[in-house]
Amino acid sequence: MPWARRRIPLAWLLLVRQPVRLAIALAGIGFAGILMFMQLGFRDGLFDASVTIHRLFDADLVLVSPRTMSSISMAAFPEGRLVQSLADPDVAAMTPVQWEFVLWRNPENRRTRSILALGFDPEDPLLSDPSVQRQAPLLRLPGRVLFDERSRPEFGPVADWFRAGRSVQTEVSGQRLRVAGLVQLGPSFGADGNMLVSRETFRTIAPPGSRGGIQLGLLRLRRGADPLTVQRRLDGQLPSDVKVYTKDQFIEFEKNYWRTSTAIGFIFTLGAAMGFVVGCVIVHQILYGDVSDHLPEYATLMAMGYGLADLLGVVAREGLFLAILGYLPAYGVAQGLYALIRNSTRLPVLMDPQRAGLVFALILSMCLFSALLAMRRLTDADPADIF
Amino acid sequence: MTETPSLQPVIQARGLCHAYGRGTMRRQVLQSIGFSVASGEIVLLTGPSGCGKTTLLTLIGALRSVQQGELEVLGVPLQSADRERRRRVRRRIGMIFQGHNLLRCLTAEQNVQMGADLLPTLAYGERRAVARQWLRAVGLGDHLRQFPHDLSGGQKQRVAIARALAARPRLLLADEPTAALDGRTGREVVELLRRLARDQGCGVLMVTHDPRILDVADRLVTMEDGRLMPGALRQTGR
Ligand SMILES: Nc1ncnc2c1ncn2[C@@H]1O[C@H](COP(=O)(O)OP(=O)(O)OP(=O)(O)O)[C@@H](O)[C@H]1O
Ligand SMILES: [Mg+2]
C-alpha cells in the first residue's frame, strides 16, 4: 500500500494506548521467547559440545571399534588394522590415538575428578589446532601433559598457576605428571576436561584393562582422494572388528548418540514446546480480552462502513506487532544468558541465525495463531446493536 | 449505483415491515411504513418509547437486512441486499449514536480521521486536514489531541458529528443525539448539526424525544406502535 494511502494505525494505537496490557503481553511473549531460546540453545550446545574434539581431529577418515557407542564408551581395536589400511594407495598417513577417562587430582585441594586423556605420538599430527601442533614436541619428555585450559574449574587453577610461571604438578591415576603447556579445546557433555599426553605417558596412567590396542585411528588421505570412496573401500576390506567413518560421519555418529540414546533432545524440545504453549495462552488471553473490550468500537467501525476484513486486519496486525516487540527483548536477553552459560558451563551455546530465525517464526506463529482465535470474537460485533 | 440527483429522495420506504423473534416469540415492530426524505431535508422522528424508531433507523442505516417491503436508500434498493452491498451503502451514510461511540484509544482528531479514512481518493495528509477542518467546524479546534475520556459529553457528541460528516455522507442518521446532554448543550449540538448538514446538502433523519429541538426540523414524523401516524407528515412552522 502506498504511503499516502495509509490509514490511522489503529492496531498500533490499540496496543500502545493500553500500556499495562501491552507490558503484560510483551512480558509473556518475551518469557516464552527466552524459554525457547534457552531450551533450544542448551540442546544445540550440548550436541555441539559433544563433538568439540571430534571437529578438531586432523583426519579424513577415522577408525573405531564397532563396539564403540560414543565418546564416553570407546572400545579398543587392534592397532594392526590401522597399519593395514596404510596399504591403500589413497591413504597417506595415520595417527593411532588412545582415549580413556582417568582420574585427575586437583593440585590445589587434592580432590580427584574424571578427565579425558588422549594419548598420541608427539611426532604424529593429532589436532588441527596450531597451539597443539606447536606444543606437541614438549610431550616427548615422559610424564608431561598438555592441559586443556577450558576444562571446568574443578580441575584446579592449573592455567593460572602455569601462566604465573609456577611448575604445575599433579597426580593422574597415581602417576606424577607435570603440565608442559596449555591448549584450548573445551569441555563436552561427556568430558569435563581434556588432557593430551604421549603414548608412553598414557601407558602409565591408563586403567590396566585397556592397555592393549587403540581406541581411535586417524587416517589422512592423499590430496584429491575422495574420503567417501576410500571409506567404503576400506570398510569392505578391513575385518569386522573395526569400523571406518569419514570425519563428518564420525561427528554425526557422536551427535546421533546424544540425540537418540539420551533424553536430552526430548527434554529440551519439550521445554521449548512448553514455552510455545505458555506464550500462546498469554497472547490469546491478551488479544481476546482486547477484542472483547473494544467490541462496541469495532461495531461502530462496521456501522461507519469498515468491512470485517479491515477489522480482521487490525487484529492480525496487533499480533504481528506483539510478535516483533516481544521477540526483540527476548533476543537481547537470550544473548546475555548465552554468554552467562558459556562462562559458567563453558558449553558452546551461541546465538546462531538459524535458531534466531526459528524462535522468531515460532513467536510469530504463536501471535498470529492467537490473533486468529481472537478474531472469532469479532464476528460477535453486530453493527445493528449499537444504536 | 450511481449518484442520486439531489432532487431525488435519499430515503424512500414503501410497505416496510419488520419483526423480531420467531414462532410464538415473533413480535411485529414495524408495520407497513411508507415515507421518504429528500436530499437536504431535515426530518425529525418522534414517538413513544418502544414504538420502533431505532429499528427503523437501523434498517435505513443498512445495519439490518430488510424483511418485507421496499426500502431504497441513496438510490440503492436494500431489500435483498447482501452484506457487502449494505456495507457500501453504510459508507455513504453518517451515523450519530445516542452514546457517542468514539474510539477510546484515539484522540479527537484521530477519531474524526477514522471517518475521513473511508474516503478512497484522498491522501493521508489531506484526510488529516479534513479531520481538522471538521473539528474546527464543530468548535473543537483547540481539542485536537484530547482523548474522549478528557472531553465533556457535549464535546464528545460534537466529535461524533464531525466524524460522521468527515466521510462526506449524503445522509445523516441520528438516534437521540441529545439524550446525554443538558437542554442548552443539546440545542447547540442540534443547531450545529442542522447548519453543517444544510451546507453539505445532506439529508438528515433524527430520532428525538426532546421537545425543545423540534423546531429545527423541516418536517416532523410521528410513530406509534410501529406505524406512522396518519397525517404525521406535517410541515413544521419553518
Ligand atoms: N434486537 C431485538 N430483538 C428483539 N426485540 C427487539 C430488539 N430490538 C428492539 N426490540 C423490540 O422492538 C421494539 C421496538 O424497539 P425500538 O428500539 O425500535 O424502539 P424505540 O422506538 O427506539 O424505543 P426508544 O424510544 O425507547 O429507544 C421494542 O418493543 C423492543 O423491545
Ligand atoms: Mg431507540
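Residues numbered from 1 in each chain as written. Chains lettered and ligands numbered in written order. Predicted model: local features only at pLDDT ≥ 70, side-chain atom pairs only at ≥ 80, totals over all residues. Heavy atoms only, no water.

S.K.: Describe in detail the overall build of chain B, supporting the description with residues and values.
M.R.: Per the secondary structure count, chain B includes six helices and 11 strands. Relative to the 2.2 N^0.38 estimate, which gives 18 Å for 238 residues, the radius of gyration of chain B is 18 Å and therefore close to what a compact globule would have. For chain B, the spread of C-alpha atoms along the principal axes amounts to about 50 × 40 × 40 Å. Counting the 238 residues in chain B, one finds 56% classified as buried. Residue pairs in contact within chain B that sit at least 24 positions apart in sequence constitute 68% of those at least 6 positions apart. With the model as given, the accessible surface of chain B reaches about 10,300 Å², and the carbon-plus-sulfur share is 47%. Side-chain charges of chain B comprise 35 positive and 22 negative groups, with the mean position of each set lying 4 Å from the other. (Helix = DSSP H or I, 4+ residues; strand = E, 2+ residues; numbered from the N terminus. Rg over C-alpha atoms; globule rule 2.2 N^0.38 Å. Buried < 20%, exposed > 50% of the residue type's maximum accessible area, 1.4 Å probe, protein only. Contact = heavy atoms within 4.5 Å. Areas by Shrake-Rupley, 256 points an atom, 1.4 Å probe, with all protein chains shown as cover. Lys, Arg positive; Asp, Glu negative; His and termini not counted. Charge placed at Lys NZ, Arg CZ, Asp CG, Glu CD.)

S.K.: Any details on the nonpolar core? Residues and values, ideally.
M.R.: Across soluble globular proteins, you tend to see nonpolar side chains buried next to one another. Ranked by internal contacts, the top residues of the largest apolar core, which has 102 residues, are Tyr298 of chain A together with Phe35, Ile60 and Leu71 of chain B. Top contributing element to this core by residue count: helix α2 (residues 19-49) of chain A, with 11 residues. Contacts of Tyr298 of chain A, omitting those with residues within four sequence positions, involve Leu14, Val291, Leu311, Val314, Val315, Glu318, Leu378 and Ala381 of chain A. Leu119, Val130, Leu135 and Val159 of chain B belong to the second largest nonpolar core, which has 40 residues in total. (Core = buried A, V, L, I, M, F, W, Y, C linked by side-chain atoms within 4.5 Å.)

S.K.: Explain the site of ligand 1 to me, using residue names and the numbers behind them.
M.R.: Residue and element names in this part refer to chain B. All residues in the neighbourhood of ligand 1 are listed as Tyr20, Arg27, Val29, Ser49, Gly50, Cys51, Gly52, Lys53, Thr54, Thr55, Glu176 and His209. Between ligand 1 and the protein, one listed contact pairs an oxygen atom with a side-chain N or O atom of Lys53 at 2.7 Å. Between ligand 1 and the protein, one listed contact pairs an oxygen atom with a side-chain N or O atom of Thr54 at 2.6 Å. Burial of ligand 1 by the protein amounts to 61% of the accessible area it has alone, namely 630 Å². In the shell around ligand 1, the residues fall into three nonpolar, six polar and three charged. (Near = heavy atom within 4 Å. Polar contact = N/O pair within 3.5 Å; in protein donor to acceptor, adjacent residues only side chain to side chain. Nonpolar A, V, L, I, M, F, W, Y, C, P; charged D, E, K, R; others polar.)

S.K.: How would you sum up the interface of chain B and chain A? Please name residues and give values.
M.R.: Contact with chain B, which involves 32 residues of that partner, is made by 24 residues of chain A. Both sides of the chain B and chain A interface together cover about 2,800 Å² of buried area, and 61% of this is carbon and sulfur. A per-residue breakdown of the area chain B buries against chain A is headed by Cys105, Met114 and Tyr124 of chain B, which together make up 22% of the total. Our count for the contact surface shared by chain B and chain A stands at one salt bridge. Where chain B touches chain A, the interface holds 13 residue pairs in polar contact (both at pLDDT 80 or more). Counting only elements with at least two residues in the side of chain B that touches chain A, the list comes to α1 (53-60), α2 (83-90), β6 (93-96), α3 (108-116) and α4 (124-137) of chain B. The biggest single contributor to the side of chain B that touches chain A is α3 of chain B, with four residues. For the side of chain B that touches chain A, the residue count by class is 16 nonpolar, seven polar and nine charged. (Buried area = accessible area lost by both parts, 1.4 Å probe. Salt bridge = Lys/Arg side-chain N within 4 Å of Asp/Glu carboxyl O.)

S.K.: Report on the environment of Leu218 of chain A, specifying residues and quantitative values.
M.R.: Topologically, Leu218 of chain A is positioned in strand β8 (residues 216-221). Among all residues touching Leu218 of chain A, those that are not within four sequence positions of it are Phe57, Asp58, Ala59, Leu61, Val62, Leu82, Ala93, Met94, Thr95, Val97 and Leu126 of chain A.

S.K.: Give me the lowdown on the environment of Gln98 of chain A, citing residues and values where you can.
M.R.: Residue and element names in this part refer to chain A. Secondary-structure assignment places Gln98 in strand β2 (residues 91-105). Separated by 98 residues in sequence, Gln98 and Leu196 place their C-alpha atoms 10.0 Å apart. Here Arg199 takes part through its side chain, which lies 3.3 Å from a polar atom of the side chain of Gln98.

S.K.: Got a sec to walk through the domain arrangement of chain A? Specific residues and values, please.
M.R.: Residues and elements named next belong to chain A. Here chain A is described as being made up of domain 1 (10-49 + 263-386) and domain 2 (66-241). Residue-level contacts link six residues of domain 1 with eight residues of domain 2. The largest per-residue losses of area from domain 1 upon contact with domain 2 belong to Leu46, Ala49 and Arg346, which jointly make up 69% of the total buried on that side. The interface formed by domain 1 and domain 2 contains zero salt bridges. At the surface where domain 1 touches domain 2, the tally comes to zero residue pairs in polar contact (both at pLDDT 80 or more). Mapped by element, the contributors of at least two residues to the side of domain 1 that touches domain 2 are α2 and α12 (308-345). (Domains from an automatic or database assignment.)

S.K.: Tell me what's going on with the environment of Ile267 of chain A, and back it up with residues and numbers.
M.R.: Residue and element names in this part refer to chain A. For Ile267, the position within the fold is in helix α10 (residues 264-293). Taking relative accessible area as the criterion, Ile267 reaches 48% and is therefore assigned partly exposed. Spatially, the C-alpha atoms of Ile267 and Ala334 are 19 Å apart, while their sequence positions differ by 67 residues.

S.K.: Account for empty space enclosed by the protein, with residues named and values stated.
M.R.: Any empty space left between atoms is shown by rolling a water-sized probe over those atoms. Applying the stated rule across the entire model yields four cavities of 30 Å³ or more. Estimated volume of the largest cavity: approximately 90 Å³. Around the largest cavity, the lining is made up of 14 residues, and of these Ser71, Trp99, Leu116, Ser188 and Ala191 of chain A lie nearest the centre. Looking at the lining of the largest cavity, the elements that each hand over two or more residues are α3 (52-56) and β2 of chain A. Ranked by the residues each element gives to the lining of the largest cavity, the list is headed by α3 of chain A, at three residues. Residue composition of the lining of the largest cavity, grouped by class: seven nonpolar, seven polar and no charged. Each pocket or cavity is described by its volume, and for the second largest cavity that value is around 60 Å³. Around the second largest cavity sit Met304 of chain A together with Arg91, Ile93, Gly94, Met95, Gly115, Leu118, Arg163, Ala164 and Ala167 of chain B, which together line it. Those elements that provide at least two residues to the lining of the second largest cavity are β6 and α5 (153-166) of chain B. (1 Å grid on protein atoms, 1.4 Å probe; cavity = no way out; pocket = protein on both sides within 12 Å on 5 of 7 lines; lining within 4 Å. Points joined across faces, edges and corners; volume = space filled by probe spheres on them.)

S.K.: Report on the packing of aromatic side chains, specifying residues and quantitative values.
M.R.: Residues and elements named next belong to chain A. Tallying each qualifying case throughout the model produces 12 aromatic pairs over all chains. Taking the centre distance of 6.2 Å and the plane angle of 70° together, the rings of Phe37 and Tyr331 count as edge-to-face. With Phe37 in helix α2 and Tyr331 in helix α12, this residue pair connects regions lying 294 residues apart in the sequence. The class for Phe37 is buried, based on a relative accessible area of 0%. On the basis of an interplanar angle of 40° and a centroid distance of 6.5 Å, the ring pair of Phe57 and Phe250 is categorised as tilted. (Phe/Tyr/Trp six-rings, centres within 6.5 Å; stacked < 30°, edge-to-face > 60°.)

S.K.: Quick one: what's the story with the pairing of strand β1 (residues 61-64) of chain A, residue by residue and with numbers?
M.R.: Residues and elements named next belong to chain A. Of the two faces of β1, the one lined by Leu61 and Leu63 and the one lined by Val62 and Val64 are each fully buried. Taken together, the four bridges between β1 and strand β9 (residues 243-246) define a ladder with antiparallel strand orientation. Within the sheet, the bridge partner assigned to Leu63 lies in β9 and is Val244. (Pairing = 2+ DSSP bridges.)

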